[in-house]
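Residue strings, one per chain:
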Amino acid sequence: MEQSDNYNSRRKFLKSSVMGSALLGISSFPSLAESIGGAATSSLKMPSGQKTAIDMSAPPIPTVRVGFIGVGNRGWYAVRRYTFLEGVEIKAICDINAARIDITQKMLKEKGLNDVVSYTGGPDVWKKLVERNDLDLIYITTPWLLHTPMAVYSMNCGKHAALEVPAAVTIEQCWDLVNTSEKTRRHCTMLENCCYDEFEMATLNMAQQGVFGEIYHGEGAYIHRLNELCFGKKEDGTGKDYYEDQWLLKYNTMHTGSTYPTHGIGPIAQIMNVNRGDKFEFLTSTSSNQYGITKYAQEKYGIDSPQAKQKYMLGDINTTVIKTHKGKTMMIQHDVTSPRPYSRIHLISGTKGIAQKWPVQGIALEPDYHHYLKKEEMDELLVKYQHPQIKKFGETFREISIKDEGSHGIMDYLMEFRLIYCLRNGLPIDIDVYDAASWSSIIELSEKSVLSESKKIDIPDFTRGEWNKRQQLEFAEKS
Ligand SMILES: NC(=O)c1ccc[n+]([C@@H]2O[C@H](COP(=O)([O-])OP(=O)(O)OC[C@H]3O[C@@H](n4cnc5c(N)ncnc54)[C@H](O)[C@@H]3O)[C@@H](O)[C@H]2O)c1
């Protein structure tokens, strides 16, 4: 079989790295090696008793009662964001690390919230929170491998689930989310905040109004050096000793491909109508070898240290190209080791022009397509096409996000607000389970392609043929 050489050498590698990884204390870390050979790539037949969750709504919830699992770096800020939102009640928090519970409770008490219940203890203690009968939404901000099991359990217990990115790390997990949401009629959303950033929302609006003509190419990325964070020891102001359990390093030790693709994919997939008139068809993916993590480990711990001798699977830079059913292309990059400025690229190219956000924001349109618009002209255009959701709520959230300096500005707040708004009004959510599954599916599929010399890999249609039912993303509003 075509995969055999690389697959076998990867298995050999995984074996040796599992032995080596005992040095890093990660010998028990689960690997996806088995799934690389036999991932479920299609589940087109709808299991009996299920129906599509496209445009699914659920009964309105006047006050959304929320339980949070994982109050580390991101989760602590999520809880704090909810203290600023209307129509929510923070009922319970859970973390296996009691220190994180204490620091979150301290913040809640400073805000006068004295009745939030805490759960801490062993790795399954979160189930007690989920099983409470006074919760509507479970907000999951734990390490990646836990997202899907926690969301599936939550939906099976009658709760809506909101998962940090990525929603899933295997195709099997993607299908689990889809099947459970369809079966239980509970929402499952992925908290892809980058979709709600101002430039991204403006370009979505421009695209939907035809400013770029027919869009046939998009580029997105997650280029963000994380070596320091991966290896631990960096204070973020909340008393958090970053990733002391090194879960991200462990994942990147055992995996290659595009391990964190959704920040790059989400906004361009929305603009290019993926799952709403088009769909992912196949991908090819290529990674460079790994140099950066080893260099960092050598410098930090010494060349003879276990960390420097450890083998790391993740190539420094991964480039994944996706082709859609309608013959359009997307280029997605992932690089968390190179010493270079942050970028999500966010480029869209159509028959009438182009926009890009990184490294320098620019828009060029016919007839003067050789030159980017002057800054004043671009700013004028961005005001003209400011997304209606930002027009309506932007200023409110701008003020709040200035007070909440740990958030990523408006985008985090707009994302939370939209979810709560839809739940309170019984409306379909913006980022549904099919988006969560298809954007997350790139993780395993890109790894599979990288490990088989960039072989073409088909991408499952998680909508089961219903991708053409809607034609573009609509932000549901109460009538
Ligand atoms: N959207 C964004 O901009 C953004 C930014 C940062 C992180 N994230 C995502 O948020 C998630 C969490 O990242 P983080 O930076 O907060 O990591 P973190 O390690 O700081 O926090 C994870 C928390 O989960 C807790 N946890 C682990 N296992 C648990 C279990 N079994 N039960 C309950 N709690 C458990 C840990 O103790 C920790 O406090 C990741 O998926 C990450 O990709 C997203």
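Residues numbered from 1 in each chain as written. Predicted model: local features only at pLDDT ≥ 70, side-chain atom pairs only at ≥ 80, totals over all residues. Heavy atoms only, no water.

Chemist: Help me understand the confidence of the model for the chain, please; the structure alone is not making it clear to me.
Modeler: Close inspection of predicted coordinates is inappropriate in any region flagged by low pLDDT. Predicted confidence across the chain gives a mean pLDDT of 90, with 88% of residues reaching 70 or more. For the chain, the element scoring lowest by mean pLDDT is helix α2 (residues 33–38), at 38; strand β4 (residues 137–140) scores highest, at 99. Counting contacts from residues 1–8, a segment whose pLDDT is below 50, to residues more than four positions away or on other chains yields 12 contacts. (pLDDT = per-residue confidence, 0-100. Helix = DSSP H or I, 4+ residues; strand = E, 2+ residues; numbered from the N terminus. Contact = heavy atoms within 4.5 Å.)

Chemist: It is not clear to me how the pairing of strand β7 (residues 215–223) should be interpreted in this structure. Could you clarify?
Modeler: Consecutive residues of a regular strand have side chains that alternate between opposite faces of the sheet. Here β7 lies mainly inside the structure; 8 of its 9 residues are buried. Pairing analysis gives 4 bridges linking β7 to strand β11 (residues 347–350), with the strands arranged antiparallel. Counted as the bridge partner of isoleucine 215 is glycine 350 from β11. Across 7 bridges, β7 lies against strand β10 (residues 329–335) in parallel orientation. Bridge pairing in β10 links glutamate 219 to methionine 331. (Buried < 20%, exposed > 50% of the residue type's maximum accessible area, 1.4 Å probe, protein only. Pairing = 2+ DSSP bridges.)

Chemist: Before we go on, may I ask you to explain the side chain of serine 343 in this structure?
Modeler: Its location among the elements puts serine 343 in the loop between β10 and β11. On the accessibility criterion, serine 343 (8% relative accessible area) is buried. A distance of 3.0 Å separates a polar side-chain atom of serine 343 from the backbone nitrogen of isoleucine 345. Not counting residues within four places of it along the chain, the set of residues in contact with serine 343 comprises Ala221, Tyr222, Ile223 and Trp358. (Polar contact = N/O pair within 3.5 Å; in protein donor to acceptor, adjacent residues only side chain to side chain.)

Chemist: Mind showing me how you'd approach the sheet that holds strand β1 (residues 64–69) here?
Modeler: The strands making up a sheet are joined through hydrogen bonds of the backbone, oriented either antiparallel or parallel. Read across the sheet, 6 strands follow the order β3-β2-β1-β4-β5-β6 without closing on themselves; strand pairing throughout is parallel. Of all strands in the sheet, those bounded by a partner on one side alone are β3 (117–119) and β6 (188–190). Each adjacent strand pair in this sheet contributes to an overall mean axis angle of 20°, direction not counted. Across 6 bridges, the pairing between β1 and strand β2 (residues 88–94) is parallel. Bridge pairing links valine 66 to isoleucine 90 in β2. In the packing of helix α4 (residues 98–110) onto the sheet, the strands contacted are β2 and β3, and the crossing angle to β2 comes to about 155°. (Axes fitted to C-alpha atoms, helices over the stretch in contact; angles between N-to-C directions.)

Chemist: Sorry, what's going on with the nonpolar core here?
Modeler: Soluble, globular proteins show a tendency: their nonpolar side chains are buried together. Phe68, Tyr82, Phe280 and Ile363 are the most contacted members of the largest nonpolar core, which has 134 residues in total. When residues in this core are grouped by element, the largest group, 11 residues, is from helix α16 (residues 410–425). Leaving out residues up to four positions away in the same chain, tyrosine 82 has contacts with Val66, Phe68, Val88, Ile90, Leu137, Tyr139, Glu416, Leu419 and Ile420. (Core = buried A, V, L, I, M, F, W, Y, C linked by side-chain atoms within 4.5 Å.)

Chemist: Sorry, what's going on with the packing of aromatic side chains here?
Modeler: Two descriptors summarise a pair of aromatic rings, namely the distance from one centre to the other and the angle between the planes of the rings. Evaluated as defined, the whole model comprises 21 aromatic pairs. Centre to centre, the rings of tryptophan 126 and tyrosine 153 are 5.4 Å apart; their planes meet at 85°, and the pair counts as edge-to-face. A residue pair is termed long-range when its members are at least 10 positions apart, and tryptophan 126 in helix α5 (residues 126–130) and tyrosine 153 in helix α6 (residues 144–156) qualify at 27 residues. A relative accessible area of 7% means that tryptophan 126 is categorised as buried. (Phe/Tyr/Trp six-rings, centres within 6.5 Å; stacked < 30°, edge-to-face > 60°.)

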